[in-house]
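Each chain, written out:
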Amino acid sequence: MTDTVGAQEETKKMIVVTGATGGLGGATVEHLLKRIPADQIGVSVRDTAKARHLADRGVRVRQGSYEDPAALRDSFAGAEQVLLVSGNDPAADLVSLHRGAIDAAVAAGTRRILYTSQQGAVPGNPYRPSDIHIATEAVLGDSGVAWTALRNGAYGPLDQVLGPWQRTGEIAQPEDGPVPYTDRADIAEATAVILAGARSFDGPVTLTASTAVTFDDFAEIASGLTGRTIKRIVLDDEQWVAEQITIGVPEQTARLMLTWYQAARAGYFAEADPLLAELLGREPRTAADRLAAHIDT
């Protein structure tokens, strides 16, 4: 019976998505549901109860986590493609967890593994998570199966990198550099396009908004949107870390974020890539669009 079910799932060319109860994974599944039948979509989630809304729509829901490779392998059964959403626990050995997930996908017979990497995942990038992505891409390269690394542009909340500018009237952050700040919803849609489409992407591809902007640009954009004069104040690195600690941010967290600013100023995120717009068939949301959507009224 198990072999028969597996053969049927293989015939359906199933796509399995990890992290499907999270922001990026969940949004990717929603876009997949617009493109392919639900019975061709599977999800591997830590808590199946949180994916009940997907099961009710015909998506195959199985329990699996990066900490349990055996369960993960079973959750990947019948998958032609697996999307591995990168882990985000700063205390975990993420490279080892990713390696286990890749091994599980290979053992399950997956033909292509897609992994959510990061723009600028190249040697020398001072942003510390880059090392995790570089190492994971190397594991993928040694896996023996086809793979795609989705090097996504920065899609975190803008206030995380701009600071409390709406309250203070200032973008008072360390020296930065141009970054194509990207909308997570656009990345999720493009990921679904890649998964459901006939075109194969081998190795790393970069998905970013069409234009890179600096904090000076943001200050000008914010001033135009609010009718206020928003100033750009460049803080010394150590001064900024000290201020973060003062407001309750753990020093380790502040120094991790500092490496992001250092990478931006060194140009590791400067290049915008046209592929996202090509996949979407339209221009991605701009930094101004994203800023306007989160202005307090």
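Values in this document were obtained by computation on a predicted structure and should not be read as measured data. (Residues numbered from 1 in each chain as written. Predicted model: local features only at pLDDT ≥ 70, side-chain atom pairs only at ≥ 80, totals over all residues. Heavy atoms only, no water.)

Enquirer: When you look at the overall build of the protein in this model, what are you seeing that I'm missing?
Expert: Per the secondary structure count, the protein includes 14 helices and nine strands. Taken over C-alpha atoms, the radius of gyration comes to 20 Å for the protein, in line with the 19 Å a tight globule of 297 residues would show. Each principal axis of the C-alpha distribution contributes one length, and for the protein these read about 65 × 35 × 35 Å. Burial analysis of the protein (297 residues in total) assigns 48% to the buried set. Accessible area of the protein: about 13600 Å², with a carbon and sulfur share of 50%. Of the side-chain charges in the protein, 27 are positive and 39 negative, and the distance between the mean point of each set is 5 Å. (Helix = DSSP H or I, 4+ residues; strand = E, 2+ residues; numbered from the N terminus. Rg over C-alpha atoms; globule rule 2.2 N^0.38 Å. Buried < 20%, exposed > 50% of the residue type's maximum accessible area, 1.4 Å probe, protein only. Areas by Shrake-Rupley, 256 points an atom, 1.4 Å probe, with all protein chains shown as cover. Lys, Arg positive; Asp, Glu negative; His and termini not counted. Charge placed at Lys NZ, Arg CZ, Asp CG, Glu CD.)

Enquirer: Help me understand the packing of helix 11 (residues 237-246) against helix 12 (residues 251-265), please; the structure alone is not making it clear to me.
Expert: How two helices pack is summed up by the angle between their axes together with the distance between the axes. Running from N to C, helix 11 and helix 12 cross one another at 145°; their axes reach a closest spacing of 9 Å. At the point where helix 11 passes helix 12, the crossing takes the right-handed sense. Contact residues: D237, E238, W240, V241, Q244 and I245 in helix 11; E251, A254, R255, M257, L258, Y261, Q262 and R265 in helix 12. Of the residues in the contact of helix 11 with helix 12, the class split is seven nonpolar, two polar and five charged. (Axes fitted to C-alpha atoms, helices over the stretch in contact; angles between N-to-C directions. Left-handed = near helix turned anticlockwise from the far one by under 90°. Contact = heavy atoms within 4.5 Å. Nonpolar A, V, L, I, M, F, W, Y, C, P; charged D, E, K, R; others polar.)

Enquirer: What's the story with the sheet that holds strand 3 (residues 60-63) in this structure? I'm lost.
Expert: Whether parallel or antiparallel, the strands of a sheet pair through hydrogen bonds between backbone atoms. Strand order in the open sheet formed by seven strands is 3-2-1-4-5-6-8, with parallel pairing between adjacent strands. Sheet topology places strand 3 and strand 8 (203-207) at the edges, where each strand pairs with a single neighbour. Within the sheet, the average angular offset between the axes of one strand and its neighbour, ignoring direction, is 20°. Pairing between strand 4 (residues 79-84) and strand 5 (residues 112-118): four bridges, direction parallel. (Pairing = 2+ DSSP bridges.)

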